[in-house]
Amino acid sequence: VSAFALSLNTIATCTVAYTAVIHGRFDPFAETAYLFMKREFLYEFTMVRWSFLSSVFCFLGMLASRLLIEFELLKPTGDVKSSRPDVARLVVFSIGALVTSLLSYVNQNLWCWESLIGMSITVGKMVLKRAFIERRPLQIVSVLCMIASTYYLGKLIICDVKDGIEGKL
């Protein structure tokens, strides 16, 4: 769900930024297009980049999870000669190699942030500023919904871990 939601956020934010650019109420002069976007459209520029990059990593995580679940690669078998554990490792290490390679490349080329984590912190600060300092009502609702979804995600994860431990006792 995260990859899809972030991709939609990328499209919507990019569309708004494009409309603002063709509307023309800004200073068009800058040393580079990058500096222009950071100066005139900081929120849109940062949010589009962050949403897209985050959606790619969420998608790859979902892909790995789906492969492991769909093909029951994590399900224990009584067969010692089963290749299932090796296929599960192949999936995890292949996707892991791609994710770490992409993350390394992205982190080397963000220009204004040291890493995707730094960019994520900037996005968080911008969203919180829009919600609680600028007091934008729908942004406040958005933040509250994000907090609620994080709570329920954590609750699901903790319950699954707890059930797994209790089931083995």
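Residues numbered from 1 in each chain as written. Predicted model: local features only at pLDDT ≥ 70, side-chain atom pairs only at ≥ 80, totals over all residues. Heavy atoms only, no water.

Here we come to unusual backbone geometry. Despite not being glycine, Glu72 shows a phi value in the positive range, around 50°. Of note, Glu72 is situated in the loop between helix 3 (42–70) and helix 4 (84–108). Look at Glu72 and you get partly exposed, because its relative accessible area is 39%. (Helix = DSSP H or I, 4+ residues; strand = E, 2+ residues; numbered from the N terminus. Buried < 20%, exposed > 50% of the residue type's maximum accessible area, 1.4 Å probe, protein only.)

Next up on the list: a nonpolar patch on the surface. A cluster of nonpolar side chains, namely Phe4, Leu8 and Ile11, defines an oily patch on the protein surface of about 330 Å² accessible area. If you trace the backbone, Leu8 turns up in helix 1 (residues 2–23). (Patch = residues over 30% accessible without salt bridge, like charges linked within 9 Å, V, L, I, M, F, W, Y side chains within 5 Å. Areas by Shrake-Rupley, 256 points an atom, 1.4 Å probe, with all protein chains shown as cover. Salt bridge = Lys/Arg side-chain N within 4 Å of Asp/Glu carboxyl O.)

With 16 residues, the main nonpolar core has Met47, Trp50, Leu110, Leu116, Met119, Val123 and Val127 as its most contacted residues. Looking at this core, the elements that each hand over two or more residues are helix 3 and helix 5 (116–133). Ranked by residue count, the leading element in this core is helix 5, at six residues. With sequence-adjacent residues up to four places away left out, Val123 is seen in contact with Thr46, Met47 and Trp50. By size, the runner-up hydrophobic cluster in this structure holds seven residues, among which are Leu60, Ala64, Val91 and Ile95. (Core = buried A, V, L, I, M, F, W, Y, C linked by side-chain atoms within 4.5 Å. Contact = heavy atoms within 4.5 Å.)

A full pass over the atoms with the stated rule returns five aromatic pairs. Residues Phe36 and Phe41 carry aromatic rings whose centres are separated by 5.9 Å and whose planes lie at 75° to one another, so their mutual orientation is edge-to-face. Phe41 shares its class with Phe36; the two are buried. Taken together, Phe26, Phe36 and Phe41 form an aromatic cluster joined through their ring pairs. (Phe/Tyr/Trp six-rings, centres within 6.5 Å; stacked < 30°, edge-to-face > 60°.)

On to the pattern of salt bridges, then. Summed over the entire model, instances satisfying the criterion amount to six salt bridges. Ionic pairing is found between Glu40 and Arg39, a salt bridge with its closest N-O pair at 2.8 Å. What you see here is one network of salt bridges that share partners, running through Lys129, Glu134 and Arg136.

A word on the packing of helix 3 against helix 4. Their axes nearest at 9 Å, the elements helix 3 and helix 4 cross at an angle of 175°. It follows from the interaxial angle that helix 3 and helix 4 lie roughly antiparallel. Packed against helix 3, whose contacting residues are Leu53, Val56, Phe57, Leu60, Leu63, Ala64, Leu67 and Leu68, the element helix 4 presents Ala88, Val91, Val92, Ile95, Leu98, Val99, Leu102, Leu103 and Val106 at the interface. Across the contact of helix 3 with helix 4, the residue classes break down as 17 nonpolar, no polar and no charged. (Axes fitted to C-alpha atoms, helices over the stretch in contact; angles between N-to-C directions. Parallel < 35°, antiparallel > 145°, perpendicular 65-115°, else oblique. Nonpolar A, V, L, I, M, F, W, Y, C, P; charged D, E, K, R; others polar.)

What follows covers the environment of Glu44. On the secondary structure map, Glu44 appears in helix 3. In this structure the C-alpha to C-alpha distance between Glu44 and Val99, which are 55 residues apart in sequence, comes to 25 Å. Those residues in contact with Glu44 that sit more than four places away from it in its chain are Thr13 and Ala17.

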